[in-house]
Amino acid sequence: MDKSAKIYVAGHRGMVGSAIVRLLEAEGYEQIVFRTSAELDLRDQNEVAQFFNKEKPDYVVLAAAKVGGIHANNTYRAEFLYDNLMIQNNVIHSSHLNGVKKLLFLGSSCIYPKLAQQPLKEEYLLTGPLEPTNEPYALAKIAGIKMCEEYRSQYQSNFISAMPTNLYGPNDNYDLANSHVLPALLRKFHIAKANGDDHVMVWGSGKPLREFLHVDDLADASLFLLRNYNAPETINVGSGEEISILELAKLVKSIVGYQGSIELDTSKPDGTPRKLLDSSKLASLGWKAKISMKEGVEQVYKNLNWQDNTIAMN
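Residues numbered from 1 in each chain as written. Predicted model: local features only at pLDDT ≥ 70, side-chain atom pairs only at ≥ 80, totals over all residues. Heavy atoms only, no water.

1. Quick word on helix H10 (residues 293-302)
Phase 1 of the analysis: Residues Met293, Gly296, Val297, Val300 and Tyr301 constitute the buried set of H10. Angularly, the buried residues of H10 cover 130 degrees about the axis, an arc narrow enough to put them on a single face. (Buried < 20%, exposed > 50% of the residue type's maximum accessible area, 1.4 Å probe, protein only. Helix = DSSP H or I, 4+ residues; strand = E, 2+ residues; numbered from the N terminus. Arc of directions from axis to C-beta.)

Set out below in structure tokens:
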């Protein structure tokens, strides 16, 4: 990728997109294109077509998506399906029509069957039922993968797909109603410490195992794939480390410095029992994660600016 290439990062304000923009800028890329959702509604086919006709990007990173945790996925099921399908359809199709040299589609590990053998290999896609609580989001992401595959097959478009594991880092969502587990725990424990609460309630049994990846590592992997990966098969991006929800809560408790107890609300859903990606394909190409879980969570908590139990980035 030439440093003067025009690169469109869709979703540049989100956790993933902003990390990719930071890295591209640090690497000296001179023409990074982005639009806010107010400036460009990616669900609107005409707006997206006009944008691509005007900007003519050489490379596209599709990091824009409607995302959320178990509660949000299970509550706004139609929105998660519709919005993500429309975003993908418009960006991928316009990339094809405008001769984009390469597109990276970022999916999610939730595409894999709920009870698939662990660790999750890329070939396990579509071999069993999905986790019901986030099925609409997963179906949309699977459709995006297949679009990239079929546009490559029919039009020889160099469109690739990467499936990150659970992510965390700067610009995460800390809304307790819509966030993922790690930011939700950070906020819960911080508020409990500030209020002097004697316990923090954690959803589920605490037994499910999860793998986490710092978003800066994903940005590094994304640039690596843009430079080095041109195969049709989707590729997993993970850290290779897993932790139970209860152990994660204990880690967050320690980092926050909270002195109370942890209680488990077993009336709440656990989601998938275990979710660890097999990232050996990416490792064989020469990439691996650099940021440990403890180091990453400490960095995130240290750099948060807490104001009246709300959060703004420094």
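2. Section: the environment of Gly196
Phase 1 of the analysis: In this structure, Gly196 sits in the loop between helix H6 (181-195) and strand E7 (199-203).
Phase 2 of the analysis: A sequence separation of 50 residues divides Gly196 from Lys146, and the C-alpha atoms of the two residues are 50 Å apart.

3. A closer look at the packing of helix H1 (residues 15-26) against helix H7 (residues 215-228)
Phase 1 of the analysis: At a closest axis distance of 8 Å, the pairing of H1 and H7 adopts a crossing angle of 60 degrees. Here H1 is positioned oblique relative to H7, judged by the angle of their axes. At the point where H1 passes H7, the crossing takes the right-handed sense. In contact with Met15, Val16, Ala19, Ile20, Arg22, Leu23 and Leu24 of H1, H7 contributes Val215, Asp216, Leu218, Ala219, Asp220, Ser222 and Leu223.
Phase 2 of the analysis: Considered class by class, the residues forming the contact of H1 with H7 number 10 nonpolar, one polar and three charged. (Axes fitted to C-alpha atoms, helices over the stretch in contact; angles between N-to-C directions. Parallel < 35°, antiparallel > 145°, perpendicular 65-115°, else oblique. Left-handed = near helix turned anticlockwise from the far one by under 90°. Contact = heavy atoms within 4.5 Å. Nonpolar A, V, L, I, M, F, W, Y, C, P; charged D, E, K, R; others polar.)

4. Observations concerning the environment of Tyr168
Phase 1 of the analysis: For Tyr168, the location among the structural elements is in strand E6 (residues 166-168).
Phase 2 of the analysis: In the structure, Tyr168 is positioned 15 residues away from Pro183 in sequence and 7.5 Å away in space, judged by C-alpha atoms.
Phase 3 of the analysis: Setting aside chain neighbours within four positions, we find Tyr168 in contact with Met15, Leu182, Phe212, Leu213, His214, Val215, Ile291, Ser292, Met293, Gly296, Val297 and Val300.

5. Focus on the packing of aromatic side chains
Phase 1 of the analysis: This structure, assessed with the given rule, holds seven aromatic pairs.
Phase 2 of the analysis: Aromatic side chains Tyr8 and Phe51 sit 4.6 Å apart centroid to centroid with 55 degrees between the ring planes, which places their arrangement in the tilted category. Highlighted residues: Tyr8 in strand E1 (residues 6-10) and Phe51 in helix H2 (residues 45-55), separated in sequence by 43 residues.
Phase 3 of the analysis: Overall, the relative accessible area of 7% leaves Phe51 in the buried class.
Phase 4 of the analysis: Each ring, one from Tyr151 and one from Phe159, has its centre 6.4 Å from the other, and the planes form 25 degrees; the classification is stacked. Each member of the pair, Tyr151 as well as Phe159, carries the same accessibility label: buried.
Phase 5 of the analysis: The structure contains a cluster of three or more aromatic residues connected by ring pairs, namely Tyr8, Phe51 and Phe52.
Phase 6 of the analysis: In this arrangement the basic side chain of Lys3 is found over the ring face of Tyr29, its NZ or CZ atom lying 5.4 Å from the centre. (Phe/Tyr/Trp six-rings, centres within 6.5 Å; stacked < 30°, edge-to-face > 60°. Lys NZ or Arg CZ within 6 Å of the ring centre and 35° of its normal.)

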